[in-house]
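# Examining the three-dimensional arrangement
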Amino acid sequence: MSNLDFEVSGAVAVLRLDNPPVNSLGHELRRAIVDALARAEDDPAVQAVVLIGSGKGFSGGADIREFGTPKSLAAPNLHSVLRAVEDCSKPVIAAIDGVCMGGGLELALACHYRIATLEAQLALPEVKLGLLPGAGGSQRLPRVVGFERALNMIVSGNPVRAGELRGTALFDAMTAGDLRAAALDLARALIAEGRGPKRVRDLRITMPDAEAYLQFARNTVRGLAGPYPAPPACVEALTAALKEPFEAGLRRERELFVTLMASPESAALRHIFQAERAASHINGMPAAVATRPINRVGVVGAGTMGGGITMSFINAGLPVTLLETTQEALDRGLANIRRNYQGALRKGSLTEARLEQRLALITPTLQYEPLREVDLVVEAVFEDLEVKRKVFERLDAIVKRGAILASNTSTLNLDVIARFTQRPQDVIGLHFFSPANIMRLLEVVRGAETANDTLATAMALAKTIGKIAVVAAVCDGFIGNRMVARYGMAAHDLLVAGALPQQIDAALQNFGMAMGPFRMADLAGLDIGWAIRKRRAAEFPNEDFANVADILCEAGRFGQKTGAGFYRYEAGAREALPDAAVTAIIERYREAKRVVPRTVSDAEIVERCIYALINEGARIVAEGIAQRSSDVDLVYLNGYGFPAYRGGPMFYGDSVGLMTVARALSRIAAAPGGDAAFWTPAPLLARLAREGKTFSELRGSAT
Ligand code: NAD
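Sequence positions are assigned chain by chain, starting from 1 and proceeding in written order. Residues qualify for local features only when their pLDDT is at least 70, as the model is predicted, and side-chain atom pairs are given and counted only at 80 or more; totals for whole chains, interfaces and linings, by contrast, use all residues. Calculated side-chain values reflect all of the structure's heavy atoms, with hydrogen atoms and water omitted.

### Regarding the pattern of salt bridges
- Between Lys or Arg on one side and Asp or Glu on the other, a salt bridge is scored when a side-chain nitrogen of the former is within 4 Å of a carboxyl oxygen of the latter. Tallied over the entire structure, the rule returns 44 salt bridges.
- A salt bridge links K71 to E28; the nearest nitrogen and oxygen atoms lie 3.1 Å apart. Taken together, the residues K71 in the loop between β4 (57-59) and α2 (78-87) and E28 in helix α1 (residues 27-42) connect sequence positions 43 residues apart.
- Judged by relative accessible area, K71 falls into the partly exposed class, the value being 38%.
- R598 is paired through a salt bridge with E604; the nearest N and O atoms lie 2.8 Å apart.
- Whether a residue is buried, partly exposed or exposed follows from its accessible area with a 1.4 Å probe, protein chains only, as a fraction of its type maximum: under 20%, in between, or over 50%, in that order. Look at E604 and you get buried, because its relative accessible area is 16%. Secondary structure counts use DSSP, requiring at least four H or I residues in a row for a helix and at least two E residues in a row for a strand, with both numbered from the N terminus.

Here is the structure:
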């Protein structure tokens, strides 16, 4: 019973859960609780039991390390623990502080009495994994906090402060003082008054106008849930709590839980949950690498990215020295930062005073000298190797030894940039996504010479500023842009073959992408790709880089910013409107290429664009550019609007079956006039398909 401390205080047995960090209800702890309850039951001196947490609180629920392993179901499972608690003949009191979530809250609900600190955080967050509380939570919570409040908690999964639930039957007492002492007082009072076990299952839910409310709840939740089955299932489980006897309600909850557990949406969400945890593990990194302290940072360039990056740091309370070349550029950058906060001010999520506090963390400068003492600098100047060379040479000369020098470059070779300095071990890529203050993704680019502690520090910093960091090795485009280039090429081929931008975008949006490729291109600006293609065409004169977007750019159509691109935009509006002029341009382009347009189906659009992503992802994993396929998924989910309920492109490939994907790719590769090199299945994909395996089964993957 190493993860449970059993102590008898007078007539009260105190069972202290001690399974750091959050007392998750893993197999050993479940066993220990059942054993300790039996011991308390058998001890005639014990007349009441207190169940209390330690460390970060009462209990964070199921042990995620057990997910998908036989241990998660090994006896005693959570249900039998709850039954043992509920059936105990002596009153069992849950003493709750800190986190009390998921199975942890379900355990507390099975106890006979509950006492909490005001600040304890309670939640049933299962819906966030596409599930519902599967151990009686949907049946017991409405019996103590009321139907509507329970519905809100279970359908949102969000935590609620215990203080907000004061006065409900969830708590028999609350304390602002010492929880253990207060719980012992409650236990002694119960003993003195001869009050025995009191079970939540015996309470009835009262609900006037139940039918009307249920109808309203069903409609609202279904509307908000979109493609996710879990929120409506939560409403169904709660309905059973209202209408059925307790045991029948439990059975309904179980049925719904089992169905959700088998749903592809929940599998995808659980994959993402594990993927986020796996992403911070760095292959080949010794366990004992110490990170460097980062207390003050520098940002070079106050343009689109530099401004957003500065906001990410100051939002986390890190002071930033912001360097520009001219006062005018600096003023413009600062004004943009201030303007970007206006939305938060209007919504009330930020006050004027807090805004001023944040802005005061910025030290604007036109000199390198103030960067001398920073611990890390992010360079976000023009995407031009010579400009970057000058910046890195100056940084190398000025910034203190041991500081980290990071580049936000999207397309340049980080190893070349690192060589502009005498300290390539301290150079790393921090590839933020636009808008950098909003987008959660950060590709952390590990150069050939990047030191382990530089990388570990960058990963820790990412966590500090609330980003999901994924490690990438150096290559053209890293993970995300390398894949999106393939996706864009597949979409462009379909345009030439016979589809229109609006059809391609609609098909991919119906698949679940936040935005189709042509709307995305219009938003990003077509001139960026145009410039890159012109540069590449000069570098590789024998290759064909022609693109419909070149003709649009020649006509001054750079996308949303010029009011026209693949679509047209009304002044000040963002709605993408199909444009006959674009159709005419595409038709002329097809004629010039001697293409006879054909009908393209929506299914073909999805197949080609998404399978192109999977194929490139397989190359990226095989080359070690990404450490694991789930990292590729995280990049695409968080940087490019891939639908979470499909788990990311690689997970989607696994779900469809890699043999299906490989066969389709081979078929497209063999089609006359097609680009066989582009479509041939990547060797890793072909091998896994042959062996009947998935990307997830590769060593080091998240699930
Ligand atoms: P931008 O043109 O908006 O901003 C660049 C800023 O750098 C300008 O304000 C300019 O005055 C300043 N600058 C130029 N030379 C400088 C110097 N020597 N010292 C100090 N400041 C200097 O460009 P951006 O879109 O912010 O891109 C910056 C970098 O971020 C590029 O490397 C780009 O590839 C990368 N990036 C851009 C995006 C994006 O979506 N825009 C996304 C990821 C990465």
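The structure having been displayed, the exposition proceeds.
### Some details on the nonpolar core
- By size, the foremost hydrophobic cluster in this structure holds 102 residues, and its most contacted members are I479 and I610.
- Top contributing element to this core by residue count: helix α24 (residues 602-622), with 11 residues.
- Domains are outlined according to an automatic or database domain assignment. Counting the residues that make up this core, at least three belong to each of domain 2 (297-476) and domain 3 (481-697).
- Residues count as neighbours in contact if any of their non-hydrogen atoms are within 4.5 Å of one another. Beyond its immediate sequence surroundings of up to four residues, I479 is in contact with E443, V470, V471, A472, I620, I625, A626, V632 and V635.
- What makes a nonpolar core is a set of buried Ala, Val, Leu, Ile, Met, Phe, Trp, Tyr and Cys residues whose side-chain atoms join them at distances within 4.5 Å. Formed by 73 residues, the second largest nonpolar core is a distinct cluster that contains I33, V46, L107 and L141.

### Notes on the domain arrangement of the chain
- Domain boundaries in the chain define domain 1 (4-260), domain 2 (297-476) and domain 3 (481-697).
- Taking the mean C-alpha position of each, domain 1 and domain 3 sit 47 Å from one another.

### Notes on the packing of helix α27 (residues 658-670) against helix α29 (residues 683-691)
- Put simply, α27 and α29 touch, their axes get as near as 8 Å, and they point 130 degrees apart. The angle between α27 and α29 places the two elements in the oblique class. Crossing hand, α27 versus α29: left-handed. Contacts from L658, M659, V661, A662 and L665 of α27 reach α29 at L685, L688, A689 and R690. For helices, the fitted line uses only the C-alpha atoms of the stretch in contact; every axis is such a line through C-alpha atoms, and the angle between N-to-C directions lies from 0 to 180 degrees. Angle categories are assigned with fixed cut-offs, so that under 35 degrees is roughly parallel, over 145 is roughly antiparallel, 65 to 115 is roughly perpendicular, and the rest are oblique. The crossing is said to be left-handed when, going from far helix to near helix, the turn is anticlockwise and less than a right angle, and right-handed when the turn is clockwise.

### Things to note about the sheet that holds strand β9 (residues 160-161)
- DSSP bridges decide pairing: two strands pair if at least two such bridges lie between them. Spatial strand order, β4-β6-β8-β9: four strands in an open sheet with mixed pairing. Bordering the open sheet on either side are β4 and β9, each of which pairs with just one other strand.
- Running at roughly 85 degrees to strand β6 (residues 99-101), helix α3 (residues 103-110) makes contact with β4, β6 and β8 (121-123) of the sheet.

### With respect to the sheet that holds strand β14 (residues 376-379)
- Within the open sheet, the eight strands sit side by side as β13-β12-β11-β14-β15-β16-β17-β18. Their pairing is mixed. Of all strands in the sheet, those with a lone pairing partner are β13 (362-365) and β18 (468-473), marking the two edges. Direction aside, neighbouring strands of the sheet carry axes that sit 25 degrees apart on average.
- Taken together, the four bridges between strand β11 (residues 297-300) and strand β12 (residues 320-323) define a ladder with parallel strand orientation. Each residue of the ladder has a partner; that of V299, found in β12, is L322.
- Against the sheet, helix α17 (residues 452-464) engages β14, β15 (404-407), β16 (427-432), β17 (441-446) and β18, with an angle of about 175 degrees to β17.

### Considering the environment of V399
- Turning to its location among the elements, V399 is positioned in the loop between α15 (385-398) and β15.
- Residues V399 and L371, 28 residues apart in the sequence, show an inter-C-alpha distance of 5.9 Å.
- Ignoring sequence-local partners within four residues, the contact set of V399 consists of L371, R372, V374, V377, L405 and R423.

### Describing the site of the ligand
- Consider each residue's heavy atoms; a residue with any of them within 4 Å of a molecule or strand counts as near. Taken together, 23 residues sit near the ligand, with M305, E324, E383, K388 and N408 positioned nearest.
- By the criterion applied in these results, polar contacts are pairs of N or O atoms within 3.5 Å in which, for protein atoms, one can donate a hydrogen and the other can accept it, and in which residues neighboring in sequence qualify only through two side-chain atoms. At 3.5 Å, a backbone N or O of G303 approaches an oxygen atom of the ligand.
- Only the protein chains shown count as covering a residue, and every accessible area follows the Shrake-Rupley method with a 1.4 Å probe. Burial of the ligand by the surrounding chains reaches 77%, relative to a free accessible area of 830 Å².
- Among the secondary structure elements, those contributing two or more residues to the shell around the ligand are α11 (304-315), α15 and β16.
- When residues in the shell around the ligand are grouped by element, the largest group, three residues, is from α15.
- Looking at the shell around the ligand residue by residue, the class counts come to 11 nonpolar, nine polar and three charged. Under the scheme applied, nonpolar residues are Ala, Val, Leu, Ile, Met, Phe, Trp, Tyr, Cys and Pro; charged residues are Asp, Glu, Lys and Arg; polar residues are all the others, including Gly.

### Overview of the pairing of β14
- Alternating residues of β14 divide into L376 and V378 and V377 and E379, and every residue in both groups is buried.
- Relative to β14, β11 is paired through four bridges, and the arrangement is parallel. Counterpart to V299 in the pairing with β14 is V378.
- Sheet analysis places β14 next to β15, joined by four bridges and oriented parallel. In the sheet register, V378 faces β15, and the bridge partner there is A406.

### Remarks on the packing of helix α8 (residues 230-243) against helix α9 (residues 246-261)
- At a minimum axis distance of 8 Å, the contact between α8 and α9 shows a crossing angle of 170 degrees. Taken together, the axes of α8 and α9 lie roughly antiparallel to each other. Two secondary-structure elements touch here, α8 through A230, A233, E236, A237 and A240 and α9 through G249, R252, L256 and L260.
- Of the residues that constitute the contact of α8 with α9, the class distribution is six nonpolar, one polar and two charged.

### Re the environment of E276
- Relative to the assigned elements, E276 resides in helix α10 (residues 264-278).
- E276 sits in the partly exposed class, given a relative accessible area of 31%.
- When the C-alpha atoms of E276 and S630 are compared, they prove to be 8.3 Å apart, with 354 residues separating the residues in sequence.
- In this structure E276 touches R440, I468 and L634, once residues within four positions along its chain are discounted.

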